[in-house]
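Observations on the three-dimensional arrangement
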Amino acid sequence: PPAHQTIQQQKHYLLFSPHSRLHTTSFLGFDQNKQTTSTPKYHTKQTTATNTSFVTHFPLSEKEQHTHAYTSSTSNMLRSTATRLVTRRLSNAKSYSTSNWKQQLQHNSALYNFVEENVRLCQPESVHVCDGTESEYDRLIQRQVDEGLLIKLNEKKRPNSYLARSDPGDVARLEKATFICSEKEEDAPNGTWRDPKEMKETLNGLFDGCMKGRTMYVIPFSMGPLGSPIAKIGVQLTDSEYVTLGMRTMTRMGKPVLDLLADSDDFVPCLHSVGKPLKQGETDNGVWPCNNTKYICHFPEEYRIMSFGSGYGGNALLGKKCFALRIASKMGRDQGWLAEHMLILGITNPQGEKKYVCAAMPSQTGKTNMAMLLPSLPGWKIETVGDDIAWLKYGPDGRLYAINPENGFFGVAPGTNEKTNPNALNSISRNTVFTNVALTEDNDVWWEGLTKQAPPNLTDWLGKPHDPSSGKPAAHPNSRFTVGIDQCPCLDPAANEPKGVPISAILFGGRRSEVVPLVHESFNWEHGTMMGASLRSELTTAASDVKDKIRSDPFAMLPFFGYHIGDYFQHWLNVGAKSEDKTKLPKIFFVNWFRKDKDGKFVWPGFGENIRVLKWIFERCQAQDEEGLDSTKNAKKTPIGFIPEQLDLEGLDVSEETMKMLFDIDRAEWEEEIAGVKATLKEKGGDKLPKELVNQANNVEKRLKEMWDLL
């Protein structure tokens, strides 16, 4: 280094660290008789590297920089200069590991080649293979804080928690920039196809040199418990510390995954860049890195993902929607299982009997609230397996078992409060990264709905003083919290069970202010598949570029299908047909917490009171287990399915008129609804729409007509 070039009378000195992670002793060698005029070499017992990889031998945080200098016959000045040099090099280093990635990955040729080819393409300044340790996480956090990209929150109020602010143009999923690049256009969902060859040419041009000045992070991760027969492994390359932190929270990530993968090529390659290379000496300087050009691309035949330009959420945390739904749905079709946009929860009754339920709902329709529900009925208990995604596969006993492929929560902040989701508030009381929420004057977080009154002197999600009179929200409507699932106070004991949990019921639901009753049950798997296929829901803010007020959202999967929707419908029918014992298939229900009266007010109280609906579902599954599929215990048959004869309303102040409204099947509304169902099926299924679903819709229409004729 230049600092040494002016030092006279060098002999030898040794730099060392007592830290346990150092397995070699590093020497700096100098000619004893000459002034150093060229860059010295750094020698270890294992390797020789230039000064550009000096940090490889000292992967330490600030707290760990216990570096000492010793010399024979050199001055105190020499010792202090060497110490200052090492400390400066460590604190300014772009990564904690560089050239040794080749040694770390040499045991797996497929992984090595994947990283090497993208190092050549993206040209990062350094490469770091993530080990998933807490110390690594802490270093990345500190680096983001130092660069002004994370704000440390009040340690007393919110221990070990931080706030990130994204670019205003990078705040949600970008469905118009999301593509399925299948070999044939007919195999992609409607309107999402791009030619894979052409898209790769476009992406390679964008990725060329995109990581200059940045570190490439190699993230080995497992979707699902390590060693689970349902779980899958991926490896993401990214130049974003924010994404790396998020992947550590949302997946099982690091060395244990690398060890499990061993020399196998059975992993999903994921390449991501924020698309903002840095010039020499340049930093982000507190500005969220992203690019105006954005692509989120999936290559289903290759099980490959490439994402460019966005650093936010599911656009960038490629294990989430990209892998766990779009690619995994194609895997599921190929291999005979289901990858679904579903929560998983366990319900235990007062007698200690337990059943597991999956529920598919569009984003921001109460999925996380339901997954962490605090029951109002005494003796009933809800425990969380997952709040967003479920992978379902047949077990040896012929039942469908589900795992949560994720390991954390990426939840919507606005509306989360002590009433709606006290368990979520408990979960995010510490060790949480918040994105695009407001900041209080005492350095805590706030969002609309957290309290009735906003605190004074808020800083909004854009980093500006909030003006309540402006009518603009202080927190972005799609602001989020990212937290590990192990902090959930109602985490199910079987959440990490490798074989998964047996599913008794599947629920579909959405935001419908009218028409759809509080709950109804399908007559069979095929009817239930039609209910899921024709799901329609009012718009949410999770997607930034969708304009419809009510849109068709089959299976709550519309943004996440990895192949043609008509083929997806058929796959659901095939999974049901595969069962040799139909009594073991999950029972299918449809729920709607969002009915409104003529004044626009919600009719059903929701939240903890939803246990009353879940109790009925639990007991319907129980009755059919005991009496067979034809059981009508506490169930009234209607043209659209079974509805409750009676819900448990003890202690709930809901009038008979309100209950009638919640289960009313209005003729004019349902004539329009069934037309919408048929249109949805035809539009989404296209030429590949299974005839069975058309028959199921026709059967509903026929039963409705028969009921009205009878009346």
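Residues numbered from 1 in each chain as written. Predicted model: local features only at pLDDT ≥ 70, side-chain atom pairs only at ≥ 80, totals over all residues. Heavy atoms only, no water.

**Some thoughts on the overall build of the chain**
Along the backbone of the chain there are 17 helices and 33 strands. Residues counted as buried form 59% of the 711 residues belonging to the chain. In the chain, of all internal contacts separated by at least 6 residues, the share reaching a separation of at least 24 is 74%. (Helix = DSSP H or I, 4+ residues; strand = E, 2+ residues; numbered from the N terminus. Buried < 20%, exposed > 50% of the residue type's maximum accessible area, 1.4 Å probe, protein only. Contact = heavy atoms within 4.5 Å.)

**Let's talk about the sheet that holds strand β26 (residues 480-484)**
The strand order across the open sheet built from 5 strands is β7-β8-β23-β26-β22, with neighbouring strands paired in mixed fashion. Where the open sheet ends on each side, the last strands, each with one partner, are β7 (151-152) and β22 (408-412). (Pairing = 2+ DSSP bridges.)

**Observations concerning the packing of aromatic side chains**
Tallying each qualifying case throughout the model produces 22 aromatic pairs. Their ring planes at 35° and their centres at 5.3 Å tell us that Trp101 and Tyr112 sit as a pair that is tilted. Of the two residues, Trp101 is situated in helix α2 (residues 101-105) and Tyr112 in helix α3 (residues 109-122); the sequence distance between them amounts to 11 residues. Exposure class is identical for Trp101 and Tyr112. Each is buried. On the numbers, 5.2 Å between centres and 80° between planes, the contact of Phe523 with Phe642 is edge-to-face. (Phe/Tyr/Trp six-rings, centres within 6.5 Å; stacked < 30°, edge-to-face > 60°.)

**Quick word on the state of the cysteines**
One pass over the structure, following the stated rule, counts 0 disulfides. Sulfur of Cys122: no disulfide; nearest cysteine sulfur belongs to Cys210 and is 4.0 Å away. In this structure Cys122 comes out as buried when scored by relative accessible area, which is 0%. (Disulfide = S-S within 2.5 Å.)

**Some words on unusual backbone geometry**
Within the chain, Gln123 stands out as a residue other than glycine whose phi angle is a positive 55°. Residue position: Gln123 is located in the loop between α3 and β6 (126-129). Given a relative accessible area of 30%, Gln123 falls into the partly exposed group. Located in the positive-phi region is Asn634, a residue other than glycine, with phi close to 50°.

**Digging into helix α5 (residues 196-207)**
Residues spaced three or four apart along an α-helix face the same direction, because each turn holds 3.6 residues. For α5, which comprises 12 residues, the first-to-last C-alpha distance of 16 Å matches the rise-based estimate of 16 Å (1.5 Å per residue) to within 8%. Along α5, the positions that sit buried rather than exposed are Pro196, Met199, Leu203 and Phe207. Seen along its axis, α5 keeps its buried residues to an arc of 65°; they face one direction. Opposite the buried face of α5, by more than 90 degrees, sit the exposed residues Lys197, Glu198, Glu201 and Gly205. Residues of α5 that are buried in the fold lie against α3, β9 (178-180), β13 (268-273), β14 (295-299) and β15 (304-308). Regarding α5, its N-cap is Asp195, as a side-chain oxygen of that residue lies 3.0 Å from the backbone nitrogen of Lys197 further along. Just past α5, the residue Gly209 takes up positive phi, approximately 75°. (Expected span 1.5 Å × (residues − 1). Arc of directions from axis to C-beta. Polar contact = N/O pair within 3.5 Å; in protein donor to acceptor, adjacent residues only side chain to side chain.)

**Let's talk about the pattern of salt bridges**
This structure, assessed with the given rule, holds 33 salt bridges. The shortest N-O distance in the salt bridge between Glu406 and Lys320 comes to 2.8 Å. With Glu406 in the loop between β21 (400-403) and β22 and Lys320 in helix α9 (residues 319-335), the pair connects residues that are 86 residues apart, well separated along the chain. The residues Glu406 and Lys320 share a single accessibility class, namely buried. Residue Arg333 pairs with Asp567 through a salt bridge whose shortest N-O separation is 3.9 Å. Remark: Asp567 occurs in helix α13 (residues 565-578) and Arg333 occurs in helix α9; sequence separation between them is 234 residues. When its relative accessible area of 35% is taken as the criterion, Arg333 is described as partly exposed. (Salt bridge = Lys/Arg side-chain N within 4 Å of Asp/Glu carboxyl O.)

**Examining the confidence of the model for the chain**
Model confidence for the chain is summarised by a mean pLDDT of 87, while 85% of its residues fall at 70 or above. Within the model, pLDDT remains below 50 along residues 1-97, and this stretch shows 164 contacts once partners closer than five positions in the same chain are excluded. (pLDDT = per-residue confidence, 0-100.)

**As for the side chain of Lys294**
Residue placement: Lys294 occurs in the loop between β13 and β14. Although buried, Lys294 forms no salt bridge, and the nearest oppositely charged side chain, Asp170, lies 4.9 Å from it. The residues contacting Lys294, other than those within four sequence positions of it, are Gly169, Asp170, Leu174, Ala177, Phe308, Gly309 and Ser310. (Lys, Arg positive; Asp, Glu negative; His and termini not counted.)

**Structural notes on the environment of Ser427**
Along the chain, Ser427 turns up in helix α11 (residues 422-427). In this structure the C-alpha to C-alpha distance between Ser427 and Ile485, which are 58 residues apart in sequence, comes to 8.0 Å. Among residues more than four places away in sequence, those in contact with Ser427 are Met372, Thr432, Val483, Gln487, Cys488 and Pro489. There is a polar contact of 2.9 Å between the side chain of Ser427 and the backbone oxygen of Asn423.

**What about the environment of Glu340?**
As for its position among the elements, Glu340 is in strand β16 (residues 338-340). Considering only alpha carbons, one finds Glu340 and Trp391, 51 residues apart in sequence, at a separation of 6.2 Å. When sequence neighbours within four positions are dropped, the list of residues in contact with Glu340 reads Leu325, Asp388, Ile389, Ala390, Trp391, Leu392, Phe555, Met557, Tyr568 and Trp572.

**Here's the deal with the nonpolar core**
Among the nonpolar cores identified, the biggest contains 96 residues, and Trp391, Phe508 and Trp572 are the most heavily contacted of them. In terms of residue count, α9 provides more of this core than any other element does, 7 residues in total. Apart from residues no more than four positions distant in its own chain, Trp572 is found in contact with Leu338, Glu340, Met342, Ile506, Phe508, Trp525, Thr529, Phe555 and Ile588. Among the nonpolar cores identified, the runner-up in size contains 38 residues, and Leu345, Val603, Ile617 and Val654 belong to it. (Core = buried A, V, L, I, M, F, W, Y, C linked by side-chain atoms within 4.5 Å.)

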